[in-house]
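Structure assessment
The primary structure of each chain is shown beneath.
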Amino acid sequence: MLGNRKKGTRNGAGTSESRTIDPLRNLGVQEDEDVKRMLQGSSMVKVRSPRWQKRRTLKLLEDGVTVWCQSHKTSSRAKEQQSFSVMEVECVREGCQSETLRQMIGSIPEGRCLTVVFRGPRKSLDLLCQSQEEAQHWVRGIRTLQGRVENMTQKEKLDHWIHAYLSRADQNHDDKMSYDEVQTLLQMINVDLSEQYARSLFQKCDRSADGRLDHGEIEVFCRELLRRPELDAVFIRYSANSCVLSTVDLRDFLQDQGEEASLIHAQSLILTYELNEWAQKNQFMTPNGFTMYMLSKENCVFNPDHGRVYQHMEHPLAHYFISSSHNTYLTKDQLTGDSSTEPYIRALSHGCRCVELDCWDGDKGEPVIYHGHTLTSKVPFVEVIETINEYAFKASPYPLILSLENHCSVEQQTVMAGHLRSILGDKLLTKPLGRLDPQALPSPEDLKGKILVKGKKESSVEECWSSSSDFSSSDEESSRAESKTRRKTEEKKPGVSKLSPDLSELVVYTRSVPFQSFDQAAKSPATDMSSFSESEALRHVKDSGIYFVRHNSHQLSRIYPSGQRLQSSNYNPQDMWNGGCQIVALNFQTPGEQMDLNQGRFLQNGQCGYVLKPPFMCQPGTTFNPENVGGGPGHAPVLLTVRVISAQQLPKPEWDKPSSIVDPQVWVEVHGAPIDNNKKKTHHVDNNGFNPRWDCTFNFTVHVPELALVRFMVEDHDYTSSNDFLGQYTLPFTSLRTGYRHVRLLKLDGSSLSPSSLFIHVKVKPCQSSPSKSSSKPPGRKSSTKTP
């Protein structure tokens, strides 16, 4: 905290020196020249098209994370779009790289342009600055602020968070807080304290008794507000004297947490988190040091060992779940939404390893990508490939699959092949790896840094005459009759190839073939793969589960959403993972529970986009049946006990009135094999989003732990309408850590909701009926060995 600092004055750049209420000091960027320029504000031109260009003033607000964009619009929707947080930014692209700015190359100085690409569905912001130097200030400044926030400890985030609200509540900017301003602050931070308690808290901190908090009084007020009685209770439970934790006390705590329990480890934690010099010297941990430790990343519910690539990456591709996107080019719905390169940036930046390109003939001999026969806009194929080339391996080094839905003429297919070769260069896989069987699937490790083309491939004279359709279109269900008619017409024209040899030879290990039967597929090479609509795949899972799992131990399967999902909604991916399907393609542009599950599934293994399937799904003769797991392979039942203790700093729904306070409740959900699907909820807490307490305990029997996901979801309870989503976090059961843990909540679009969190306690123990003692080990224990 800041202590008793002398009040300072603002300098010309809009920063402040030695101020008590100074969020920038918490960020450690008050002397950064780029940030200073952002605080001053810049006049820029906002560009939507060559004909629509409006001057706007962009300015960084004093919280250090919010950028305000001046606009004269008055609608509530427009006001929402007038500002953005740097943490909502996916990336900043320099120069003319967006579709809009590319159209203007030659007419505007490229060095003065930048594009702010946002997470989620928000449209990108194309800007033309007054100078190249100014553009660089904003590009570097946003990146600096993002990096600083991402690297802050939870304690630093809390300090910055409360000081940002203090700055907003200090209405007359005198660096002091009156009682009315404190009341405003409490409303902002989502807590409804009684008048009596709020007044007593204010008077307790107002040691000078002048009716205003200043300097050290504000710091005392912050400490009181952020105090965690539930953490104090845990501390007292383990402390032998209720004052400090000795190394023995701390070791006992670590043992109950399921972590490395040694005196040496306890000593290292005291050296790292204890700030009191006397306590550190005598190897004690005080309540403040314990709070620092409990708020650190070391106590997140997600196993940090799984935040790196810890699984073996030498298995065949068919043995992995692969993060996959459907209609990747779309920003919204499938009828009128825009097509863009930016969804590819978002998907690839989040570890997606299979993206879709819906290719059609374009003007001037150049193919385009869009959702055919609809009003969706078109984006040039060449621009998409250039974007993929730039972002393919920024988040993951493992192979990227381009799923081509090919509707182009032979001539434009040849153009596509040329662009793929010239732009992707050595990254593009053009022939089988020399040391391996060409009929077998390589591993992600073998294909590191390579881009694979998935599509049809000529392997016989007959196939030269067939349609080049990939059989993976989301239109397939609704246009079967049309395709049959087209095929009959084409059959009357033998000898006319519909597939370019140049494009065909780029398909190496991912050859698209229509699915005939499991018996037929078992006789085909592992390099053949089929696409299934969600309804077809679900039917196979339910009616032929064992055979579908066996099929998916040998070949890749791609699942795509029904063509009737016109609003780009998603199916439940867990149903498909239960059948061993690898490429479960979802509409990444549509947030919701389904994308939460997808993000949770691929949170592990370094978020590299490849997750090794359980061993019982990789054996060619497996008898695992996802519809019946009362025993047999994969059946290792455990009892999961989750105690939801409290939440911290929950947000308000964006559309709520400033005076409203949320009534939060928490859902704890298990998603996995059908027998494991379950969800339970706490009661709601009235008028407290700041530090609600529940102390609710739930028990779940998880029969197939290796397939299960655990989801925590917080919502605002409402008696008269549907509850509003506040935040969630989803993770694999096998990455869940036991003991007292914090759950860092995420927004609807999957980005951080910092500093919002849940505080929980987790226990995992084998069910008495479990036939396997080896499955009883809690999933959160640390291990230095790789998973086989």
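Here's what I pulled together on the structure shown here. (Residues numbered from 1 in each chain as written. Predicted model: local features only at pLDDT ≥ 70, side-chain atom pairs only at ≥ 80, totals over all residues. Heavy atoms only, no water.)

Observations concerning the overall build of the protein chain
Keep this limit in mind: Here a strand is any run of E in DSSP of at least two residues, a helix any run of H or I of at least four, and the numbering for each starts at the N terminus. Accessibility here uses a 1.4 Å probe with only protein chains present; expressed as a share of the type maximum, an area under 20% marks a residue as buried, one over 50% as exposed, and anything in between as partly exposed. Contacts: residue pairs with any heavy atoms within 4.5 Å of one another. Surface exposure here means Shrake-Rupley accessible area, sampled with a 1.4 Å probe, where a residue is shielded only by the protein chains that are shown.
Helix and strand counts for the protein chain stand at 25 helices and 28 strands. By residue count, 57% of the 788 residues in the protein chain fall in the buried class. Taking the intrachain contacts of the protein chain between residues at least 6 apart in sequence as the baseline, contacts between residues at least 24 apart amount to 69%. Accessible surface, the protein chain: about 32,800 Å² in total, of which carbon and sulfur atoms supply 49%.

A few points about the nonpolar core
Across soluble globular proteins, nonpolar side chains show a tendency to be buried alongside one another. As a reminder, the rule being used: Put simply, buried Ala, Val, Leu, Ile, Met, Phe, Trp, Tyr and Cys residues joined by side-chain atoms within 4.5 Å make one nonpolar core.
Residues L640, F712, L731, F733 and L758 are the most contacted members of the largest nonpolar core, which totals 36 residues. Mapped onto this core, the elements with two or more residues apiece are β21 (638-648), β22 (664-671), β24 (693-702), β25 (709-716), β26 (724-732), β27 (739-746) and β28 (752-766). Once you skip the residues sitting within four places of it in the chain, F712 turns out to touch V642, W667, V668, G727, Q728, Y729, L731, V743, L758 and I760. In this structure, C91, L402, L404 and L506 belong to the second largest nonpolar core, which totals 35 residues.

Some points on helix α14 (residues 287-294)
Three- or four-residue spacings in an α-helix give side chains the same orientation, since the helix completes a turn every 3.6 residues. Those residues of α14 not exposed but buried are G289, F290, T291, Y293 and M294. Turning to α14, the residues buried within the fold contact α10 (229-238), α11 (247-257), α12 (263-273), β27 and β28.

Concerning a positive patch on the surface
Rules: Patch building starts from residues that exceed 30% relative accessible area and form no salt bridge, then joins like charges within 9 Å and nonpolar side chains (Val, Leu, Ile, Met, Phe, Trp, Tyr) within 5 Å. Counted as salt bridges are all cases of a side-chain nitrogen of Lys or Arg within 4 Å of a carboxyl oxygen of Asp or Glu. In summary, the charge assignment counts Lys and Arg as positive and Asp and Glu as negative, without counting His or the chain termini. We put the charge of a Lys on NZ, of an Arg on CZ, of an Asp on CG and of a Glu on CD.
Taken together, R48, K54, K123 and K332 make up a surface patch of like positive charges. Inspection of the secondary structure assignment puts K54 in strand β2 (residues 53-60).

Thoughts on the packing of helix α6 (residues 154-169) against helix α9 (residues 216-225)
Stated precisely, the cut-off is as follows: To define axes, lines are fitted to C-alpha atoms, for helices over the stretch in contact only, and angles between the resulting N-to-C directions are given on a 0 to 180 degree scale. When an angle is under 35 degrees it counts as roughly parallel; over 145 it counts as roughly antiparallel; between 65 and 115 it counts as roughly perpendicular; any other value is oblique. By convention the crossing between two helices is left-handed if the near helix lies anticlockwise of the far one by an angle smaller than a right angle, and right-handed if it lies clockwise. Amino acids are sorted into nonpolar (Ala, Val, Leu, Ile, Met, Phe, Trp, Tyr, Cys and Pro), charged (Asp, Glu, Lys and Arg) and polar (every other residue, Gly among them).
Following both chains from N to C, one finds α6 and α9 inclined at 125 degrees, their axes separated by 11 Å at the closest point. Judged on the interaxial angle alone, α9 and α6 are oblique. For the pair α6 and α9, the sense of crossing is right-handed. Here α6 contributes I162, H163 and L166 to the contact with α9, which in turn contributes I218, E219, C222 and L225. Looking at the contact of α6 with α9 residue by residue, the class counts come to five nonpolar, one polar and one charged.

So, the environment of L39
In this fold, L39 is placed in helix α2 (residues 33-40). According to the relative accessible area criterion, L39 is buried, its value standing at 4%. Considered as a pair, L39 and K59 are 20 residues apart in the sequence and their alpha carbons are 5.7 Å apart.

Description of the pattern of salt bridges
A full pass over the atoms with the stated rule returns 28 salt bridges. Across the pair E94 and R143 runs a salt bridge whose closest N-O atoms are separated by 3.2 Å. You can see E94 sitting in strand β5 (residues 89-94) and its partner R143 sitting in helix α5 (residues 132-150), a full 49 residues away along the chain. Using a relative accessible area of 33% as the deciding quantity, one classes E94 as partly exposed. Exposure remark for R143: the relative accessible area of 39% places this residue in the partly exposed category. Here R737 makes a salt bridge to E259, at a shortest N to O gap of 3.4 Å. In this pair, R737 is assigned in the loop between β26 and β27 and E259 in the loop between α11 and α12, connecting sequence segments 478 residues apart. One exposure class covers both R737 and E259, and it is buried.

Notes on the sheet that holds strand β7 (residues 125-128)
Put simply, the rule is: Only when DSSP finds a minimum of two bridges between them are two strands counted as paired.
On the basis of which strands lie adjacent, the open sheet formed by seven strands has the order β4-β3-β2-β1-β7-β6-β5 and antiparallel pairing. The sheet is open, and its two edges are formed by β4 (83-85) and β5, each paired on a single side. Strand-to-strand twist across the sheet, computed as the mean angle between neighbouring axes with direction ignored, equals 30 degrees. Pairing geometry for strand β3 (residues 66-69) and β4, over three bridges, is antiparallel. Residue V67 lies in a different strand from β4, and its bridge partner there is F84. Along the sheet, α2 contacts β1 (42-47), β2 and β3; its crossing angle with β2, the most-contacted strand, is approximately 120 degrees.

A look at the packing of helix α8 (residues 195-205) against α9
Here α8 crosses α9 at 135 degrees, and the two axes come no closer than 9 Å. When the interaxial angle is binned, α8 and α9 end up oblique. Crossing geometry of α8 relative to α9 is assigned as right-handed. On α9, the residues touching L201, K204 and C205 of α8 are E217, V220, F221, E224 and L225. Grouping the constituent residues of the contact of α8 with α9 by class yields five nonpolar, no polar and three charged.

Focus: the pairing of β2
Residues in a regular strand point their side chains to alternate faces of the sheet. Sheet topology places β1 next to β2; six bridges connect them, and they run antiparallel. Paired with V47 across the strands is Q53, a residue of β2. Remark: five residues form the turn of the hairpin made by β1 and β2, two consecutive strands paired antiparallel. As judged from the three bridges shared by β2 and β3, these two strands associate in the antiparallel manner. For K59, the partnering residue across the bridge sits in β3 and is W68. Between the end of β2 and the start of β3, which pair antiparallel, lie five residues, with G64 showing a positive phi angle near 80 degrees.

Concerning the packing of aromatic side chains
The test is simple: The aromatic pairing rule takes the rings of Phe, Tyr and Trp, using the six-membered ring of Trp, and pairs them if the centres are within 6.5 Å, calling planes under 30 degrees apart stacked, those over 60 edge-to-face and the rest tilted. Lysine and arginine charges are scored as sitting over a ring when NZ or CZ, respectively, is within 6 Å of the ring centre and within 35 degrees of the ring normal.
If you walk through the whole model with that rule in mind, you get 18 aromatic pairs. Note on F321 and W577: the rings are 6.3 Å apart at their centroids and 55 degrees apart in plane angle, and the pair reads as tilted. Taken as a pair, F321 in strand β10 (residues 320-325) and W577 in helix α24 (residues 573-578) lie far apart in primary sequence, 256 residues in all. With respect to burial, F321 and W577 carry one shared label: buried. Counting every residue linked through ring pairs, the aromatic cluster contains F235, Y238, F253 and F290. Just above the ring of Y370 sits the side chain of K378; from NZ or CZ to the centre is 4.8 Å.

A short note on the side chain of E356
Applicable threshold: Side-chain atoms alone can form a polar contact between residues adjacent in sequence; in general such a contact is a pair of N or O atoms within 3.5 Å, and within protein one must be able to donate a hydrogen while the other accepts it.
Tracing the sequence through the fold places E356 in strand β11 (residues 354-360). Exposure remark for E356: the relative accessible area of 0% places this residue in the buried category. A polar side-chain atom of E356 sits 2.6 Å from the main-chain amide nitrogen of N327.

Details of unusual backbone geometry
Cis geometry marks the peptide bond from S754 to P755, where omega comes out at 5 degrees. Among the structural elements, P755 can be located in strand β28. Positive phi values are uncommon outside glycine, yet N327 reaches one of about 45 degrees. Residue position: N327 is located in the loop between β10 and α15 (342-349). According to the relative accessible area criterion, N327 is buried, its value standing at 0%. Although it is not a glycine, Q607 sits at a positive phi angle of roughly 50 degrees. Mapped onto the secondary structure, Q607 falls in the loop between α25 (593-601) and β20 (610-612).

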